[in-house]
Number of protein chains: 2
Amino acid sequence: MTETAQAVEETLDRLLPSGGGPEARVFEAMRYACLGGGKRLRPFLVMAGAELFGVPRARALRAAAAVELVHCYSLVHDDLPAMDDDELRRGRPTTHIEYDEATAVLAGDGLLTLAFEVLADPATHDEADVRCRLVTALAQASGARGMVGGQMYDLAAEDRALDLDQISRLQDMKTGQLFNFSCEAGAILGGASKKEHDALLAYSRSLGLAFQIADDLLDFEGSEDEVGKKVGKDADAGKATFVSILGAEEARNKAKALVDKAVSHLEFYCEKADLLRDVARFVIERRT
Amino acid sequence: MTETAQAVEETLDRLLPSGGGPEARVFEAMRYACLGGGKRLRPFLVMAGAELFGVPRARALRAAAAVELVHCYSLVHDDLPAMDDDELRRGRPTTHIEYDEATAVLAGDGLLTLAFEVLADPATHDEADVRCRLVTALAQASGARGMVGGQMYDLAAEDRALDLDQISRLQDMKTGQLFNFSCEAGAILGGASKKEHDALLAYSRSLGLAFQIADDLLDFEGSEDEVGKKVGKDADAGKATFVSILGAEEARNKAKALVDKAVSHLEFYCEKADLLRDVARFVIERRT
């Protein structure tokens, strides 16, 4: 994954704005929020999915960068004082702490906008129809019925006891749909058949849920030094999580079972999908 | 313009999300920010431009709605306490006052995302290449080198004395480029020739500047009741504006001259462009 992370970093560096002028502060904040950190899990899913269909690497990297731009914008806005009020992210001050709140709002806006500019560019695919499908899928995954709605749900849920179905739905909106897009992007770029596309989506649905359970476990068991952000927040806020409902042991078993299930959807692809199998295992073994 | 405003309102109403669930609060805030107010100047420019090329009305309305979604998102975010800290907009409480800051941030994010989803949809044009060109043009106009950068410039300029060239550049980024997109959208949808496209852009550049000068004059001379938002803010903040540099009389003359110049670029279109001529005059005669 290191080589891919490096290639994604270089692609982001090239796509992000730079330069002087009084507006340069927002360029810098956008770069700060995106470069030099993060697991690059979503870009990795894009790259691994694209490899199944022989998508040229330069194109896949652009789709991978677009997903990461959206992911990073969501972190910048979610960390704001009015939202989750976090001061630490990836072991560094969050964007509104390093800059200021106004700059952080604008940097997030700029990142989100850039993601669509990147996808619509002919360098992403020579067929405009493919580019439009990517724009549509990313907008749906990250908009009011996807990630944005999920964050609203999460804020609304702070004072409420959610059951397992409700948490699953919340997490599908908040993180699952962008996961799905990451897995789908390669299929869209590579002109996959419906059967191929559906297998990737089934993989993604199980993986996304496993990822979120692992995240809850890290918040419950991890240390701030390891994780690079404040931990124990959910318990402090009295928030229902997979761990608070299932208990740590059952949550861990459920995550493992979901990873097995995710991997089972890849049989169809034989050894071509080994990268996706590896990333599935990484998702529950990671310590950050 | 009333009939167009009504059709835009109906289109926005249809495109904006609605429904129940814990995430519905962000749907409501998005609707609050977009519906039932505003001059709809940008949508009107889209519609008038599209008419020049015989673009079917239903398609033009989608592009018009997309511009208005971006415009409304920018108002929601710019009004936030960390930004311009405004409590009144279009004669009503701003979105973060009516809801809360977190919801306002998310509503803005949702509106921006929806704009790209609307443009990429086949209902906007049957050629995907045209849709991609719209996505690209809107992203460039509203991103870090356009509107978002302009707002950063504006915040950075609060403690600085700007000269006329600097204010012109700031305003071109902050409002001019979205104006240009509004005028261009019809040309893109209608497959205009380069000459036709360039004439519209030249019109837009003069008109955008006239619009901004008129805005500064309203802030300087208007009443809160008329304008529907707080006035006198620029002077209170010691901010350089076209009015503070040129004086009200010269600013008014300059705006008039710019409108004449804008209209002169339309000769080429003969009487087909009468709507665009009307809107140019409206821009400097408006009281809100």
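Because the structure is predicted, anything quoted here is derived from the model rather than measured. (Residues numbered from 1 in each chain as written. Chains lettered and ligands numbered in written order. Predicted model: local features only at pLDDT ≥ 70, side-chain atom pairs only at ≥ 80, totals over all residues.)

Caption draft 1: Highlighting the overall build of chain A. Counting secondary structure elements, chain A contains 15 helices and 2 strands. In terms of C-alpha radius of gyration, chain A reaches 18 Å, essentially the compact-globule figure of 19 Å for 288 residues. With respect to the principal axes defined by its C-alpha atoms, chain A has extents near 55 × 50 × 30 Å. Counting every position in chain A, which comprises 288 residues, the buried fraction comes to 53%. Considering only residue pairs separated by 6 or more positions, chain A has 71% of its internal contacts joining residues 24 or more positions apart. (Helix = DSSP H or I, 4+ residues; strand = E, 2+ residues; numbered from the N terminus. Rg over C-alpha atoms; globule rule 2.2 N^0.38 Å. Buried ≥ 20, exposed ≤ 12 C-beta atoms within 10 Å, placed from the backbone. Contact = placed C-beta atoms within 7 Å.)

Caption draft 2: Highlighting the packing of helix H7 (residues 128–142) of chain A against helix H7 (residues 128–142) of chain B. Running from N to C, H7(A) and H7(B) cross one another at 50°; their axes reach a closest spacing of 8 Å. On the basis of the axis angle, H7(A) is oblique to H7(B). Taken as a pair, H7(A) and H7(B) cross one another with a handedness that is left-handed. Seen from H7(A), the contacting residues are Ala128(A), Asp129(A), Arg131(A), Cys132(A) and Val135(A); seen from H7(B), they are Ala128(B), Asp129(B), Arg131(B), Cys132(B) and Val135(B). Residues belonging to the contact of H7(A) with H7(B) are distributed by class as follows: 6 nonpolar, no polar and 4 charged. (Axes fitted to C-alpha atoms, helices over the stretch in contact; angles between N-to-C directions. Parallel < 35°, antiparallel > 145°, perpendicular 65-115°, else oblique. Left-handed = near helix turned anticlockwise from the far one by under 90°. Nonpolar A, V, L, I, M, F, W, Y, C, P; charged D, E, K, R; others polar.)

Caption draft 3: Region of interest: the interface of chain A and chain B. The interface of chain A with chain B comprises 46 residues on the first partner and 46 residues on the second. When contributions to the side of chain A that touches chain B are tallied by element, the ones reaching two or more residues are helix H2 (24–34), helix H6 (101–120), H7 and helix H8 (147–156) of chain A. Considering every element that reaches the side of chain A that touches chain B, the biggest residue donor is H6(A), with 13 residues. Residue composition of the side of chain A that touches chain B, by class: 27 nonpolar, 10 polar and 9 charged.

Caption draft 4: Just the relation of the copies chain A and chain B, in detail. Superposition record for chain A on chain B: RMSD 0.0 Å, screw rotation 180°, translation along axis 0.0 Å. Each copy turns onto its partner about a two-fold axis. Across chain A, the smallest distance between a C-alpha and the rotation axis is recorded for Ala128(A), namely 2.6 Å. When the interface residues of chain A are mapped onto chain B, 100% of them again fall at the interface, so both copies present the same face. (Least-squares fit on C-alpha atoms with pLDDT ≥ 70 in both.)

Caption draft 5: Fine view of H2(A). Among the 11 residues that make up H2(A), 8 are buried, leaving the element largely enclosed by the rest of the structure. The complete set of buried residues in H2(A) reads Arg25(A), Val26(A), Phe27(A), Ala29(A), Met30(A), Tyr32(A), Ala33(A) and Cys34(A).

Caption draft 6: Summary view of the environment of Tyr203(B). Residues and elements named next belong to chain B. Mapping Tyr203 onto the fold places it in helix H10 (residues 194–221). On a C-alpha basis, the gap between Tyr203 and Glu9 in space is 26 Å, while along the polypeptide they are 194 residues apart. The residues touching Tyr203, leaving out its near neighbours within four places in the chain, are Cys183, Ala262, His265, Leu266 and Leu276.

Caption draft 7: Region of the structure containing the packing of H6(A) against helix H6 (residues 101–120) of chain B. Viewed as axis vectors pointing N to C, H6(A) and H6(B) meet at an angle of 20°, and their least axial separation amounts to 10 Å. Considering the angle they form, H6(A) stands roughly parallel to H6(B). Between H6(A) and H6(B) the crossing geometry is right-handed. Only Val105(B), Asp109(B), Leu112(B), Thr113(B) and Phe116(B) of H6(B) make contact with H6(A), whose side of the interface consists of Val105(A), Asp109(A), Leu112(A), Thr113(A) and Phe116(A). Split into classes, the residues belonging to the contact of H6(A) with H6(B) amount to 6 nonpolar, 2 polar and 2 charged.

Caption draft 8: Representation of unusual backbone geometry within the structure. Residues and elements named next belong to chain B. Of note, Asp85 is a non-glycine position whose phi angle comes to about 55°, a positive value. Within the secondary structure, Asp85 is located in the loop between helix H4 (57–78) and strand S1 (88–89). With phi around 50°, Cys270 is a residue other than glycine that occupies positive phi space. Judged by the 8 C-beta atoms lying within 10 Å of it, Cys270 is exposed.

Caption draft 9: Here's a closer look at the confidence of the model for chain A. Per-residue confidence for chain A gives a mean pLDDT of 93, with 99% of residues at or over 70. ipTM for the predicted complex: 0.96, alongside a pTM of 0.96. (pLDDT = per-residue confidence, 0-100.)

Caption draft 10: Quick peek at helix H9 (residues 164–189) of chain A. Residues and elements named next belong to chain A. Compared with the 38 Å implied by 1.5 Å per residue over 26 residues, the 35 Å span of H9 between its first and last C-alpha is a close match. For H9, the principal kink sits at Asp172 and spans about 50°. Within H9, 20 of the 26 residues are buried, which leaves it mostly tucked inside the rest of the structure. Once H9 finishes, Gly191 follows within two positions and takes phi at roughly 60°, a positive value. (Expected span 1.5 Å × (residues − 1). Bend = angle between axes of the 7 residues up to and from the residue.)

Caption draft 11: Representation of the environment of Val118(A). Residue and element names in this part refer to chain A. Of note, Val118 is situated in helix H6. Expressed as a C-alpha distance, the spacing of Val118 and Val135, which sit 17 residues apart in the sequence, is 9.4 Å. With residues near it in sequence (within four places) discarded, Val118 still touches Leu15, Arg62, Ala65, Ala66 and Thr124.

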